[in-house]
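Here is how the chains run, residue by residue.
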Amino acid sequence: MTLKIAVVGCRGFGRVHLNAMSKLRDKYGLEIYVFSRTEDYARDCYREYDASGYFTKYSDVLRSDIDIVDLVVSHDAHMPMSIAALEAGKHVMLEKPIARTIEEAMSIINVARSSGRKFMVLENHYFDPSVWKAKELMGKLGRISMIIVRKLQFNSPSGWRRVRELMGGGALIDGGIHYVDTLLNLGGDYTEVKSMCMRGFSGLEGEDVSASMFRFKSGALGILLYSWSAPGGDNAPVFEVYGERGFIMEDPSSRVPGKPYGDLLISSDGKQEKIIVEKVNVIEREIESFIQAVINNTDLPMPPEVALRDLRAVLDAYRSCGELGVGFQPI
């Protein structure tokens, strides 16, 4: 079986997807196609990645015999381009977030259900085994009191990411949703969110600094710190879990390229141990998992309801801090 995949958006993070697919090409007999509305960009990607062809009109992608459409596009385009591909009979991979609003997200999910096509949001942090190993080890800590997730960095993007309407917010709905996903995978369902947001110096119309506190159903507190206005702030553990018997901490010194999180340090009942976690490229893993689900017609490794959950948490944080996203009215 030959699978034909069109990467829509071959600049920026689209190249990360193309690098991953290039490594999977022979294993799965992939034919890779690229899309850009700019002919020169499309032709450059076509040559650089030895693609089977290129497109400059999305309507041509939809009319083609492409099997999978991989959308790496601005957030405002997530809903219309996903729905158009699903209705054209294509399976769809969509770079996070699922959409800007719950209504947009549900529109995609409903069309995916009715079309019978596979639809998955590419949330690469979900595929990092460090998170799931930490979740497994949390039982050693007894009752959990607090989970801290942080990502502090400087990022001053250009183009559509500066525009609040196109983003659906600011930094939190973009890069921050990765860390929302990690926090919820560790902490589970929550009952309350309190958040504060501000605009620092990244140049966004939306927020670029946020501090959010989640109350989990378990009673534990979750703290999420995310910023694109924090130069030099990237050296701390991304996540920490504290319980009555000790703690689990991500080890930043053990991170490797292609994997967001390092190994784990665990202290339980006074005994400390370093847990070595499988080193994987999470972009390759998420794309390969989707390809396998299409080939074998099996369940998705990450159902879209997980991406919907993550978006809901971002929007709850936005409501709390007054950083209203697309389609919200002032409280």
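For the structure, see preceding data.
Please read all numbers here as calculations on a predicted model, not as lab measurements. (Residues numbered from 1 in each chain as written. Predicted model: local features only at pLDDT ≥ 70, side-chain atom pairs only at ≥ 80, totals over all residues. Heavy atoms only, no water.)

> Mind showing me how you'd approach the overall build of the chain here?
Of the regular secondary structure elements, the chain holds 10 helices and 14 strands. A compact globule built from 331 residues should have a C-alpha radius of gyration of about 20 Å, and the chain, at 20 Å, falls within 12% of that. Viewed in the frame of its principal axes, the chain has a C-alpha envelope of about 60 × 45 × 40 Å. Buried residues in the chain amount to 56% of all 331 residues. Residue pairs at least 24 apart in sequence account for 67% of intrachain contacts in the chain once pairs closer than 6 positions are excluded. Accessible surface, the chain: about 14,000 Å² in total, of which carbon and sulfur atoms supply 49%. Distance between charge centres in the chain, computed from 40 positive and 44 negative side chains, equals 2 Å. (Helix = DSSP H or I, 4+ residues; strand = E, 2+ residues; numbered from the N terminus. Rg over C-alpha atoms; globule rule 2.2 N^0.38 Å. Buried < 20%, exposed > 50% of the residue type's maximum accessible area, 1.4 Å probe, protein only. Contact = heavy atoms within 4.5 Å. Areas by Shrake-Rupley, 256 points an atom, 1.4 Å probe, with all protein chains shown as cover. Lys, Arg positive; Asp, Glu negative; His and termini not counted. Charge placed at Lys NZ, Arg CZ, Asp CG, Glu CD.)

> Explain the state of the cysteines to me, please; I cannot follow it from the model alone.
What makes a disulfide is a covalent bond joining the sulfur atoms belonging to two cysteines. Under the definition given, this model contains one disulfide. In this model, Cys-197 is linked to Cys-321 through a disulfide, with the two sulfur atoms separated by 2.2 Å. Between Cys-197 and Cys-321, the disulfide has an S-S torsion of -80 degrees and is therefore left-handed. Here the residue Cys-197 occupies a position in strand β8 (residues 190-198), and Cys-321 occupies one in helix α10 (residues 304-321), the gap between them amounting to 124 residues. (Disulfide = S-S within 2.5 Å.)

> Just checking my understanding: could you explain the pattern of salt bridges for this structure?
Side-chain pairing between opposite charges can occur once the charged atoms of the two side chains come close. Counted according to the given criterion, the structure contains 26 salt bridges. For Arg-43, the salt bridge is made with Glu-39, and the minimal N-O distance between the two is 3.1 Å. You can see Arg-43 and its partner Glu-39 sitting in helix α2 (residues 39-48), four residues apart, about one turn around the helix. Between Lys-274 and Asp-251 there is a salt bridge; the shortest N-O distance is 3.2 Å. Taken together, the positions of Lys-274 in strand β14 (residues 271-275) and Asp-251 in the loop between β12 (246-250) and β13 (264-268) put the pair 23 residues apart, joining distant regions of the chain. Residue classification places Lys-274 among the partly exposed positions, given a relative accessible area of 42%. For Asp-251, a relative accessible area of 7% corresponds to the buried category. Connected through salt bridges with shared partners, the residues Lys-4, Glu-31 and Asp-65 form a single ionic network. (Salt bridge = Lys/Arg side-chain N within 4 Å of Asp/Glu carboxyl O.)

> What's the story with the sheet that holds β12 in this structure? I'm lost.
Within a sheet, adjacent strands bond to each other through the backbone by hydrogen bonds, running parallel or antiparallel. Strand order in the open sheet formed by eight strands is β8-β9-β10-β7-β11-β12-β13-β14, and the pairing between neighbours is mixed. Two strands in the sheet have a free side with no partner beyond their single neighbour: β8 and β14. If you compare each strand with its neighbour and ignore which way they point, the axes differ by 10 degrees on average. With eight bridges joining them, β8 and strand β9 (residues 209-216) adopt antiparallel strand pairing. Bridging across to β9, Glu-192 finds its partner in Arg-215. Packing of helix α6 (residues 129-137) onto the sheet brings it into contact with β11 (239-243), β12, β13 and β14, and relative to β13 it is tilted by some 5 degrees. (Pairing = 2+ DSSP bridges. Axes fitted to C-alpha atoms, helices over the stretch in contact; angles between N-to-C directions.)

> Mind showing me how you'd approach helix α8 (residues 176-187) here?
Since the α-helix packs 3.6 residues into each turn, any two residues three or four apart lie on the same face. Compared with an ideal rise of 1.5 Å per residue, which puts 12 residues at 16 Å, α8 spans 17 Å between its outermost C-alpha atoms and is within 8% of the ideal. Counting buried positions along α8 gives 12 out of 12 residues, so the element sits mostly inside the fold. For α8, the complete set of buried residues consists of Gly-176, Ile-177, His-178, Tyr-179, Val-180, Asp-181, Thr-182, Leu-183, Leu-184, Asn-185, Leu-186 and Gly-187. The positive-phi residue at the C-terminal boundary of α8 is Gly-188, with phi of around 85 degrees. (Expected span 1.5 Å × (residues − 1).)

> Can you help me understand unusual backbone geometry in this one?
Excluding glycine, residues mostly carry a negative phi; peptide bonds, for their part, are mostly trans. With an omega of -5 degrees, the peptide bond between Lys-96 and Pro-97 qualifies as cis. Its location among the elements puts Pro-97 in the loop between β5 (91-95) and α5 (102-115). Of note, Asp-50 is a non-glycine position whose phi angle comes to about 50 degrees, a positive value. Counting through the fold element by element, Asp-50 comes out in the loop between α2 and β3 (53-55). Classification of Asp-50 by relative accessible area gives exposed; the value is 59%. Residue Asn-297 is not a glycine yet carries a positive backbone phi of 50 degrees.

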